[in-house]
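Structural description and commentary
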Amino acid sequence: MGSFNNWDTTKDAMIIRKSEGNTNIFEVYLELYSGLYYYKFYLPGSKTYIHDPMNPNKVSDPYGGFNSVLEIPVAFIMCFKVDSNSTETSFTPKCSDKS
C-alpha cells in the first residue's frame, strides 16, 4: 500500500508464489505513471505497517516511522517483487503471470 493507492490496505494486495528454488516471492502488479511514490508493507495478521527493509530509499513518516520511496522516471507497467531469500527488492517491467 502507498501513495499510489491512497494508502488503502484493501487494494493492491501482494500475492505469494514459489520460485524455481522453492523460495517465497511476493509480488503485485501495478500500472504507474512516472513520479515519486511512497509505500509500506501492511501485515494483516499483526495489523502492522513496515517500510521495505530491502529498499534503502526512505523518508520519515508522521508517525515516527518511515515510508519507502520508489521513483519511476518514465511511465511503465511494473512488477514489485520481494524474494524471501534475497537481500534486495526488485522492480521489473512485468510479473511472471502477466505477459
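Residues numbered from 1 in each chain as written. Predicted model: local features only at pLDDT ≥ 70, side-chain atom pairs only at ≥ 80, totals over all residues. Heavy atoms only, no water.

All right, on to the confidence of the model for the protein chain then. A residue-level look at the protein chain finds 75% of positions with pLDDT of 70 or above and a mean pLDDT of 81. When mean pLDDT is taken per element in the protein chain, strand E6 (residues 58-60) scores highest with 97 and strand E9 (residues 89-92) scores lowest with 59. (pLDDT = per-residue confidence, 0-100. Helix = DSSP H or I, 4+ residues; strand = E, 2+ residues; numbered from the N terminus.)

Right, let's get into the packing of aromatic side chains. In total, this model carries 2 aromatic pairs according to the counting rule given. Ring geometry for Tyr42 against Tyr49: centres 4.9 Å apart, planes inclined by 45 degrees, an arrangement best described as tilted. Look at Tyr49 and you get partly exposed, because its relative accessible area is 45%. Directly above the ring of Phe66 sits Lys58, whose terminal nitrogen or CZ lies 4.5 Å from the centroid. (Phe/Tyr/Trp six-rings, centres within 6.5 Å; stacked < 30°, edge-to-face > 60°. Buried < 20%, exposed > 50% of the residue type's maximum accessible area, 1.4 Å probe, protein only. Lys NZ or Arg CZ within 6 Å of the ring centre and 35° of its normal.)

The next point concerns the environment of Tyr38. On the secondary structure map, Tyr38 appears in strand E3 (residues 35-39). When its relative accessible area of 28% is taken as the criterion, Tyr38 is described as partly exposed. Setting aside residues no more than four positions away along its own chain, Tyr38 makes contact with Met1, Gly2, Ser3, Phe4, Trp7, Val59, Asn67, Ser68 and Val69. (Contact = heavy atoms within 4.5 Å.)

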